Amino acid sequence: MKTRLRRLMTLCLCLVLLGTSAAFPQKLLAESPSASDIMNAVFDTPYRHTLQSDYASIHRSTLSEWTDTVWQNDVLDAKVTVGAGSQPLEQAAIRSSDFINGKHRISAENIDIRWLQETLANIGSAQPEAPVAAYPDVIHRSGTTRIEAGQLKSAWVSLTIPKDAVCGVYTGTLEVTAAGQPPITLTLTFEVLDLAAPDPQEGVTQVELWQHPYTTARYYAVAPFSEEHKNYLLDQLSEYAKMGGRGVIATIVEKAWNHKSYDSDPSMIHWTKTADGSFSFDYTDFDQWIELAIQAGVLDPQTGRGQIKAYSIAPWGNIVTVYDETSGTSQRLTLTPGSEEWRTAWTAFLEDFMRHTLEKGWFDLTYIAMDEREMEVLQPCVDLIEGIRSEAGKSFKISSAMNYSSGDDYAFLDRIDDISVSLINVNEQSDAMRNLAQHRQEQGLLTTIYTCTGQYPSAYTISDMADTAWTMWYTMKQGTDGFLRWSWDGWNEDPLTDVSYRTFEPGDPWLIYPAERDSADDSFSESPRYKMLKQGIRDVNKAKFLQSLSAESETAVTQLVQSLKRPKMKINRYGSATYARSSDRELVQSEVLRMREGLNDIAKTYLQARVIPVTGVELRTSSITLRVGKNTQISLEPLPYNANPVTWQFRSQDETIASVNETGLISAKAPGRTMITVQCEENDQIQMEISLNILDLSQAPRKRAAVSPDLKTRISEILQAAIAESHS
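Residues numbered from 1 in each chain as written. Predicted model: local features only at pLDDT ≥ 70, side-chain atom pairs only at ≥ 80, totals over all residues. Heavy atoms only, no water.

Overall, mixed pairing links the four strands, which are arranged β30-β37-β36-β33 in an open sheet. A single partner strand is all that each edge strand has here, and the edge strands are β30 (623-627) and β33 (648-652). Adjacent strand axes in the sheet meet at a mean angle of 25° when their direction is disregarded. Bridge count for strand β36 (residues 672-680) against strand β37 (residues 687-695) is eight bridges, and the pairing is antiparallel. (Pairing = 2+ DSSP bridges. Helix = DSSP H or I, 4+ residues; strand = E, 2+ residues; numbered from the N terminus. Axes fitted to C-alpha atoms, helices over the stretch in contact; angles between N-to-C directions.)

This is how it looks when you write it as structure tokens:
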């Protein structure tokens with residue numbers, strides 16, 4: 001017993017002398033895992049998926065540091081990938097420190113770290129025999145997780161930069177832990193520029209992602225527009241508003257797209273053909289949907305924010321389902337645009353819909369919409385819509401997604417208030433799209449680019465995340481107002497398990513995922529491709545804001561964006577649109593990084609030239625005590641902190657006692673007292689004094705003697721011997 005006590009006392013004495021924490025002996029005494037069992041954790045690119053087939057490359061990676069540049073009111077996105085060895089990892093977790101910049105900090109409360117969950121994806125389009133692979137496309141849950149032996153799991157890191165963050169370089173750490181494993185520390189460093197990124201909701205970029213609210217009801221097994229359903233929808237719409245979404249999709253007929261997606265997209269407005277042959281309309285679902293969009297902030301009828309897109313006066317298949325009072329049955333009417341039957345039915349609808357939206361105060365936000373219809377269909381639709389007017393002489397606005405290629409005869413297109421042109425129809429070798437967009441902007445009309453199935457770059461589950469960010473930059477290169485994508489939440493049966501579907505590339509119909517049906521906390525999950533779409537939206541808004549600040553910035557941003565390169569595409573053997581060569585895939589990621597770096601370089605150049613008058617100074621201390629032969633740096637900040645230019649002048653009243661150089665470094669020369677004067681060259685009214693007390697060596701306080709290297713070595717030997725004996 002005495003022997004064990006002596007060992008323990010010796011161990012404790014050694015630890016005290018070395019200054020080691022109490023946790024140290026536990027780590028030393030623990031059984032060391034073999035190399036094959038050790039956890040690996042590294043930073044990883046957020047611009048493409050990390051699959052299980054990437055295990056070897058991740059195991060070889062040593063990327064323990066990540067750097068980035070952000071603005072105030074911005075978001076930093078990064079990815080960490082953790083690999084298990086020959087044994088599973090239990091209770092794997094990633095925790096963040098605060099991020100420090102001198103005396104300033106960004107709290108760890110601003111960071112969100114969530115593990116990615118895999119879902120299966122058939123890599124083809126309408127090809128059931130295509131290979132199926134697991135893609136980590138669901139940004140799932142925070143906290144701890146299990147990682148199977150020989151497997152990888154990535155975590156998405158999103159750090160929100162406060163609007164009032166002080167500019168400068170911040171550094172913090174991410175600690176990766178798992179049961180029985182030594183922790184791994186990763187370093188995250190980023191520079192915050194002294195510019196506030198525009199709020200996406202207030203930015204000038206148009207964003208429209210088509211919603212499918214009845215799909216949410218089907219997935220969660222709740223009645224459409226019940227309170228439970230509306231709670232789910234409100235969460236999703238609030239996120240949509242926050243990311244800058246402005247278009248709200250309302251179905252005004254059954255199966256507006258002829259049931260191409262998993263769900264049939266029921267009509268929010270129910271048509272009835274009465275006994276006398278006239279039509280009546282029930283707006284119950286429509287009204288609840290629009291009221292939710294207003295509550296979430298997507299729409300604001302008072303300020304004119306957002307658009308209600310009513311689909312469609314020209315549904316795919318030209319079918320309109322009505323309830324016939326006489327027979328008591330639902331009837332599917334084939335109404336060919338331009339026919340008399342079509343004109344009669346749609347005139348009745350448009351007149352009543354106009355009355356209803358005027359009463360609600362929504363008329364000015366409402367567009368009668370069409371999707372990918374031929375010119376012979378568009379023409380009679382536009383004629384009819386324009387011909388029905390309110391008492392004030394206004395007709396409904398018109399919206400159309402269309403396959404426009406080229407031409408400078410804009411007479412018909414000018415009658416459509418909002419058009420979206422498919423990416424595949426934008427000719428990179430001509431100025432047709434840019435010319436069209438510029439012309440329409442001069443007329444006060446909206447123009448966007450859209451992507452969907454059969455296009456590359458795009459936004460499928462199997463796509464690289466860089467694709468969505470690149471697309472936003474390309475919309476700016478073509479001079480358009482923004483971006484449209486055909487689906488935000490058009491889930492299949494169980495997308496958390498398998499995203500494959502009978503038509504389209506996997507994941508094409510959605511950018512967010514549902515939560516588990518029994519989840520009490522979340523109502524949806526984001527995908528990495530959606531995260532990068534949001535990054536692209538933020539960056540384009542920053543680029544447009546930078547253009548507005550000075551003529552030099554406008555020219556530099558324009559030149560940068562116009563240099564964006566476009567990759568080539570192909571359809572793979574399974575029918576999916578993808579990159580033509582691996583070099584095209586690499587091009588997308590490198591171009592996104594080049595755009596971001598170029599944008600930040602332009603921002604830094606602007607900041608260096610920006611003039612913000614200095615009004616004061618903040619000194620860390622007004623008195624300093626120093627001993628002869630020592631140096632210290634004067635610490636001060638201008639007021640405001642981002643004043644520019646600022647030049648400080650320093651002067652010692654007695655150079656024999658202490659001197660000060662042009663950077664504010666004080667050198668103590670002889671015992672005595674003197675003063676250092678600090679003055680601002682740009683504002684001679686700003687002047688401060690620092691009192692100095694210089695001590696000789698005999699007056700200086702003694703420091704405790706340090707432990708010699710030889711003693712440290714001896715203590716270490718005693719420790720190792722004590723540990724070895726405790727194991728015997």
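With respect to the secondary-structure elements, P266 resides in the loop between β14 (247-251) and β15 (270-273). Residues P266 and T187, 79 residues apart in the sequence, show an inter-C-alpha distance of 50 Å. Setting aside residues up to four positions removed in sequence, P266 forms contacts with Y214, T251, V253 and E254. (Contact = heavy atoms within 4.5 Å.)

This paragraph deals with helix α6 (residues 284-296). The end-to-end C-alpha distance of α6 is 19 Å, a good match for the 18 Å that 13 residues give at a rise of 1.5 Å each. Among the residues of α6, D285, F286, D287, Q288, W289, I290, L292, A293 and A296 are the ones counted as buried. Of the residues trailing α6, G297 is marked for its positive phi of about 95°. (Expected span 1.5 Å × (residues − 1). Buried < 20%, exposed > 50% of the residue type's maximum accessible area, 1.4 Å probe, protein only.)

On to the pattern of salt bridges, then. Taken as a whole and judged by the stated rule, the model has 39 salt bridges. Between D98 and R105 there is a salt bridge; the shortest N-O distance is 2.8 Å. What makes D98 partly exposed here is its relative accessible area of 26%. R105 gets classed as exposed once you look at its relative accessible area, which sits at 54%. Across the salt bridge formed by R218 and D263, the nearest N and O atoms sit 2.9 Å from each other. Placement of the pair is R218 in helix α4 (residues 213-220) and D263 in the loop between β14 and β15, with a sequence separation of 45 residues. (Salt bridge = Lys/Arg side-chain N within 4 Å of Asp/Glu carboxyl O.)

A pair of packed helices is captured by two measures, namely the crossing angle of their axes and the spacing between those axes. For the pair α6 and helix α7 (residues 340-360), the least separation of the axes is 13 Å and the interaxial angle reads 40°. Taken as a pair, α6 and α7 cross one another with a handedness that is right-handed. Listed contacts from α7 to F286, D287 and E291 of α6 are F353, H356 and K360. When the residues that make up the contact of α6 with α7 are grouped by side-chain class, the tally is two nonpolar, one polar and three charged. (Left-handed = near helix turned anticlockwise from the far one by under 90°. Nonpolar A, V, L, I, M, F, W, Y, C, P; charged D, E, K, R; others polar.)

Further remarks concern the layout of surface pockets. When its volume is computed, the largest pocket comes out at roughly 780 Å³. Lining the largest pocket are 27 residues, and of these T160, E239, K242, K531 and K534 sit closest to its centre. At the level of secondary structure, the elements contributing two or more residues to the lining of the largest pocket comprise β3 (74-83), β7 (111-122), β10 (152-161), α5 (227-242), β26 (524-526) and α11 (528-547). Of the residues contributing to the lining of the largest pocket, the split by class is eight nonpolar, seven polar and twelve charged. The computed volume of the second largest pocket comes to approximately 380 Å³. Around the second largest pocket, the lining is made up of 20 residues, and of these Y135, I462, T578, Y579 and R585 lie nearest the centre. The element contributing the most residues to the lining of the second largest pocket is strand β28 (residues 577-579), with three residues. (1 Å grid on protein atoms, 1.4 Å probe; cavity = no way out; pocket = protein on both sides within 12 Å on 5 of 7 lines; lining within 4 Å. Points joined across faces, edges and corners; volume = space filled by probe spheres on them.)

This next bit is on the packing of aromatic side chains. Two measures describe an aromatic ring pair: the distance that separates the ring centres and the angle between the ring planes. One pass over the full model with this rule turns up 32 aromatic pairs. Here the aromatic rings of W271 and W346 are separated by 5.0 Å at their centres, their planes lie at 75°, and the arrangement is edge-to-face. Placement of the pair is W271 in strand β15 and W346 in helix α7, with a sequence separation of 75 residues. In this structure, W271 and W346 share a single accessibility class: buried. Seen from their ring centres, Y456 and Y579 are 6.1 Å apart, and the 65° between their planes marks the pair as edge-to-face. Separated by 123 residues along the polypeptide, Y456 in the loop between β23 (446-451) and α10 (466-477) and Y579 in strand β28 bring together distant segments of the chain. We note K397 situated over the ring of Y367; from NZ or CZ to the ring centre the distance is 5.8 Å. Above the ring of Y219, the side-chain terminus of R517 is found at 3.9 Å from the ring centroid. (Phe/Tyr/Trp six-rings, centres within 6.5 Å; stacked < 30°, edge-to-face > 60°. Lys NZ or Arg CZ within 6 Å of the ring centre and 35° of its normal.)

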